[in-house]
Amino acid sequence: MIESPQSPRPEEQAAPGREGRLAVSRSMSRWATVGERFALPLVWVAVIVVFSLIEPSSFPTVGNVANVFGSQEVLFVLTMAVLIPSIHGDFDLSLGSIAGLTAMVAAILNVNDHVNILLACLAGIAAAVVAGVVNGVIVVTFDNDPFIVTLGTMTAITGLTYWISHSQTIGVVSSSLTNWLFTKTVFAIPLEFYYGLVLLAVVWYFFTLTPAGQRASFVGQSRDVARLSGIRVNRMRLRAYTIGAAVAGLAGIVYLGTNGSGDPTAGSTLLLPAYAAAFLGATSIRPGRFNAIGAAIAVYFLATGVAGLQLLGAQDYVQQLFYGAALVVAIVLSNIIRRQKTRPVARSTAETGPATETTAVAD
Amino acid sequence: MSEATIEVPELALELRHISKSFGANLALDDVSLAVRRGEVTALLGQNGCGKSTLVKVLAGFHAPEPGGEMLVGGQVVDLPVPPERSRELGLSFVFQDLGLAPGLSVVENLTIGMRTAASLKGRRVINWKQERRRARETFASYHVAIDPDAEVQELAPVDQALLAIIRAAEEQRLFRGRTASRRSSILVLDEPTVFLPASECELLFSLIRRVASTSASVILISHDLEAVREVADRVVVLRDGRVSAETDVASVTHEELIEMIVGRRTEKLATAVGGDVPRAELDRPRPATAVADPLRVSHLSGGRVVDVSFTLRAGEVLGLAGLLGSGVEEFPYQLFGSRPASGGTIDLAGLSVPAKRMTPQLAMKSRTALVPADRARDGGVGTLPVEENLLLLVEDRYFIRGIRRRRAIRRTATERCAEFGIRPPSPEALLSSLSGGNAQKVILAKWLEIDPRIIILHEPTQGVDVGARSDFYELVKAAAAKGAGVLWITTDFDELATMCDRVLIVGNGMIFGELRRPDISKNAISELVFRASASLSVRPGGELVRGFQAGEQRGEGA
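Residues numbered from 1 in each chain as written. Chains lettered and ligands numbered in written order. Predicted model: local features only at pLDDT ≥ 70, side-chain atom pairs only at ≥ 80, totals over all residues.

Q: Let's hear about the overall build of chain A: which residues, and what values?
A: Helix and strand content of chain A: 15 helices and 4 strands. Across the 363 residues of chain A, 46% fall into the buried class. Considering only contacts in chain A between residues 6 or more positions apart, those separated by 24 or more positions represent 78%. (Helix = DSSP H or I, 4+ residues; strand = E, 2+ residues; numbered from the N terminus. Buried ≥ 20, exposed ≤ 12 C-beta atoms within 10 Å, placed from the backbone. Contact = placed C-beta atoms within 7 Å.)

Q: Just give me the short version of the confidence of the model for chain B, but keep the residues and values in it.
A: All names here are of chain B. Here chain B shows a mean pLDDT of 79. Residues at 70 or above account for 85%. Of the regions scoring below 50 in pLDDT, residues 1-9 engages in 6 contacts with residues more than four places distant in sequence or in other chains. Within the model, pLDDT remains below 50 along residues 267-289, and this stretch shows 17 contacts once partners closer than five positions in the same chain are excluded. (pLDDT = per-residue confidence, 0-100.)

Q: Can you tell me about the nonpolar core, naming the residues and giving the values?
A: Within the largest apolar cluster, 256 residues are counted, with the highest numbers of intra-cluster contacts made by Val77(A), Leu78(A), Ala251(A), Leu302(A), Ile165(B), Leu220(B) and Val486(B). In terms of residue count, helix H12 (residues 233-259) of chain A provides more of this core than any other element does, 14 residues in total. Mapped onto the domain boundaries, this core takes at least three residues apiece from domain 1 (3-252) and domain 2 (268-379 + 453-557) of chain B. When residues no more than four places from it in sequence are discounted, the contact partners of Leu302(A) are Pro273(A), Ala276(A), Ala277(A), Phe322(A), Tyr323(A) and Ala326(A). (Core = buried A, V, L, I, M, F, W, Y, C linked by C-beta atoms within 7 Å. Domains from an automatic or database assignment.)

Q: Outline the packing of helix H5 (residues 95-112) of chain A against H12(A), supporting the account with residue identities and numerical values.
A: Residues and elements named next belong to chain A. Direction vectors running N to C along H5 and H12 enclose 55°, while the axes themselves pass 7 Å from each other. Judged by the inter-axis angle, H5 sits oblique to H12. Crossing geometry of H5 relative to H12 is assigned as right-handed. Contacts between H5 and H12 pair Leu95, Ile98, Ala99, Gly100, Leu101, Thr102, Ala103, Ala106 and Ala107 from the former with Gly244, Ala245, Ala248, Gly249, Ala251, Gly252, Ile253, Tyr255 and Leu256 from the latter. Across the contact of H5 with H12, the residue classes tally to 13 nonpolar, 5 polar and no charged. (Axes fitted to C-alpha atoms, helices over the stretch in contact; angles between N-to-C directions. Parallel < 35°, antiparallel > 145°, perpendicular 65-115°, else oblique. Left-handed = near helix turned anticlockwise from the far one by under 90°. Nonpolar A, V, L, I, M, F, W, Y, C, P; charged D, E, K, R; others polar.)

Q: Kindly report on the sheet that holds strand E7 (residues 186-190) of chain B, identifying the contributing residues and their values.
A: All names here are of chain B. The strand order across the open sheet built from 6 strands is E6-E7-E8-E3-E9-E10, with neighbouring strands paired in mixed fashion. Strands at the two margins of the open sheet, each flanked by one partner only, are strand E6 (91-94) and strand E10 (242-248). Strand-to-strand twist across the sheet, computed as the mean angle between neighbouring axes with direction ignored, equals 20°. Looking at chain direction, strand E9 (residues 234-239) and E10 are connected through 6 bridges and run antiparallel. Paired with valine 236 across the two strands is glutamate 246, which belongs to E10. On top of the sheet, helix H1 (residues 51-58) reaches strand E3 (40-44), E6, E7, strand E8 (217-221) and E9; it is set at about 145° to E7, its chief contact. Its contacts with the sheet put helix H8 (residues 254-262) on E3, E9 and E10, and the angle it makes with E9 is roughly 35°. (Pairing = 2+ DSSP bridges.)

Q: Account for the sheet that holds strand E11 (residues 295-302) of chain B, naming residues and giving values.
A: Residue and element names in this part refer to chain B. With antiparallel pairing, the 4 strands of this open sheet are ordered in space as E12-E11-E14-E15. One side of each edge strand has no neighbouring strand; the edge strands of this open sheet are strand E12 (305-312) and strand E15 (351-354). Averaged over all adjacent pairs, the angle separating strand axes in this sheet is 15°, with direction ignored. Sheet topology note: the strand E14 (residues 343-348)/E15 ladder contains 4 bridges and is antiparallel. By the bridge assignment for E15, isoleucine 346 is matched with valine 353.

Q: Could you give me a rundown of the domain arrangement of chain B, with the residues and numbers involved?
A: Note: interface size is frequently given as the accessible area lost on complex formation between the parts. Residue and element names in this part refer to chain B. The domain boundaries assigned to chain B delineate domain 1 (3-252) and domain 2 (268-379 + 453-557). At the junction of the two partners, domain 1 supplies 12 residues and domain 2 supplies 12 residues. When residues in the side of domain 1 that touches domain 2 are grouped by element, the largest group, 3 residues, is from helix H7 (residues 225-231). Looking at the side of domain 1 that touches domain 2 residue by residue, the classes come out as 4 nonpolar, 4 polar and 4 charged.

Q: Quick rundown of unusual backbone geometry? Include the residues and the values.
A: Each neighbour pair has its own omega, and for Arg423(B) with Pro424(B) the value is -10°, a cis peptide bond. One can find Pro424(B) in the loop between helix H15 (406-419) and helix H16 (436-448). A positive phi is found at His166(A), a non-glycine position, where the angle reads about 50°. Locating His166(A) in the fold gives a position in the loop between helix H7 (146-165) and strand E1 (170-171). The backbone phi angle of Asn508(B) is positive, close to 50°, even though this residue is not glycine.

Q: Which residues make up the environment of Arg85(B), and what are the values?
A: Within the element layout of this structure, Arg85(B) appears in helix H2 (residues 83-89). Residues Arg85(B) and Arg357(B), spaced 272 residues apart in sequence, show a C-alpha to C-alpha distance of 52 Å.

Q: Could you give an account of H1(B), with specific residues and numbers?
A: All names here are of chain B. Where burial is concerned, most of H1 is hidden: 8 out of the 8 residues are buried. Along H1, the residues that are buried comprise Lys51, Ser52, Thr53, Leu54, Val55, Lys56, Val57 and Leu58. One or two steps after H1, the chain reaches glycine 60, where phi turns positive at roughly 80°.

Q: Go over H7(A), please, and point to the residues and values.
A: In an α-helix, one full turn covers 3.6 residues, which means residues spaced three or four apart are oriented alike. Residues and elements named next belong to chain A. Its 20 residues place the ends of H7 28 Å apart at the C-alpha level, agreeing with the 28 Å of an ideal helix rising 1.5 Å per residue. Burial in H7 covers these residues: Pro146, Val149, Thr150, Thr153, Met154, Ile157, Thr158, Thr161 and Ser165. Mapping the buried residues of H7 onto a view down its axis gives an arc of 165°, with all of them on the same face. Pointing more than 90 degrees away from the buried face of H7 are the exposed residues Gly159 and Trp163. Summarising the contacts, the buried residues of H7 are in contact with H5, helix H6 (117-141), E1, strand E4 (261-262) and helix H13 (266-281). Backbone geometry just downstream of H7 places histidine 166 in the positive-phi region, at approximately 50°. (Expected span 1.5 Å × (residues − 1). Arc of directions from axis to C-beta.)

Q: Talk me through the environment of Ile293(A); I want residue IDs and the actual numbers.
A: All names here are of chain A. Position of isoleucine 293 among the secondary structure elements: in helix H14 (residues 292-311). The sequence separation of isoleucine 293 and valine 203 amounts to 90 residues, and the corresponding C-alpha distance is 9.1 Å. Contact partners of isoleucine 293, with chain neighbours within four places excluded, come to Trp204 and Ile285.

Written as structure tokens, this is what we have:
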């Protein structure tokens, strides 16, 4: 693009001693970076080792491994759904209830109205997309706080789900859905686990290997910069709400296939663990950023911890306790990481004129 | 102890031999000045003269060099003044951002500080009815009508400024009453009129006069000669960190004020702008062989900008000079389409767009680059690495066969770091870990990736150290040499004088004149800019001198 305007700059001819020190500190910081990136997987491995030592007869078994990997798919898919608006710097609390709505719509159509299961699932996902568009339009187009709006739509969608189901559990749906998701296994793990991996690959690919995913990162980190870089910020955010909701709809279908029936209470319990996993994942692999692989590891780390504690005799409450604590720890950790990484090396102290009070972006 | 018993106008504040240096740069050089009780003292000077440093010393934000003295009410105080001691000493500050909570009501904003000042011991239940009544009384005593129940963000800008000033004055009054202090209060107002329409400034001026009449002292920091003439009793002019003049306002003309601010008179100027500018030459058609002008602006209006037309030529560095609040700070964003203008046309290398419909996408389609003033907020994302910031605009180039080629991105970014002298030269470092100068190089490099035809720079070297600054200049020059038109908008007139082929002078949202080589100098720009802002009656594009004289006569009449 532009030729180097002048050959060697004065600072490039730095004294060798300084260069040496720079190299040392850089290699140290590289180690720190590596440690930071892989802290979560390492903790996961440590947890596995500890539980294997404590419970050698029940923890490191095929059954338990299949349980850990096979029981988390709803959460896994919902976590991927949560990632999509999160990476765009948005927040969607209604994703859990959207999953619940999707499951219920599909269950009612299939069980009560005898609609073909595939069509019923598609209708459920269509409902999810509509919910996502509604969220997106209210938040983005009408410029409202996503936290408050989706808190409202979460409650409203849950209410809607109760309404259409008359507060009943609706089942049992066509066995072909349960078969293709849950009953059939490969290496003792239900097929849905592998579907989850495919979804993971797609999300990972989009956000790390495509320019559009890259632009999403910029939208998420600074809407002003993104807008002044010619990115259509609102369009991308609207799309994030819509696609996030569609993926939440997939989570609902997985729920339906795993449980065989639609349960009106399902959606609300799923959201917090999904956010816990997304935030915990953001401390790892690409620290400081929401990322698919980190989130995936976090899901199974949380599941492993819960499974181990339950083998030790803990009751159901342990799940909530563990997930809740993990969410808080994850937030604190990622905040510490962010503060460390953004600490300026050497800020210029040059005196500046009076601050220019200008707003670069209209809205 | 009523204040009326004090008859002699003692000195409320005195500074003796205050110096402050930043590295090798002496921002304040042996500044001594006195502020009398009950008077409005204006602090004038061009950008970088040391005004803001002086205010920061007063506010305790900067520690001056040893040897200086500050006296409040005749007593020496230790420097730097700890911010929490300021109020005790009688010093209150109203900065440009006013420090109001926009979502709270007027009465809440008014009483929050007063409550901490007045009732440090008494923690009683708030009687809102009483507070509202008291607020109304307070406003009435200043002859100001503000609804105590209104939300601050609903108020007109001028009312917000009035509220901030009244709050500061009232806090001082209460505080003084409580401590029975004989010190007078000193209200420091930093550029209160900058973004106010001229018609509303009068309200502010009468409030300032009223505050001063209660034997408080007011220090008014301003660019605005009209404002100074309207309200100040005395004026202290700073130039290059020194007090260049200290005098009664009534005894100086506009012309003399400008001379004090700028330094020597630039005789050549009057002729250069007074009509001798060969206007015809500006409009003369370019030779057919020349490249099309990358930017033509016609009749642009919106915000503070009023009917502005100009042309940017290929390979040219065109400066836009104006004081803060002159409208010059809106151009970059209107031209780039990130803040809509209300009228006019923008012609980007043949693509003619109504200014209302301009968008960043359209601007970028014509290869327009914008380096915004607020680097941290608008320029780049601090929480993302250098390489991602650097290549954001050309990500698609690295998307080959369905995969974003991260290794190629890293390689290019490493090359750019070397080319642009970015330190540290590590593309994976987060942008926020770079110094201001290096971060700015990254932002410029980001835009140079699209091979821009138009480069809009807004305050590009604010917070950029000297070394990086000259690198930056070289990079921009190189881009211009390759045919880009550069629009340089800054209040650093020294920089404009160094960099620009032409400088347009902006005042009150209009273009008042043009300087070309070899007439461009910091002083020439300053002088014209101050004249432009002082002569409200002048039509754009000409007759500056006559308009200026009209302003002067008005000043003398006052």
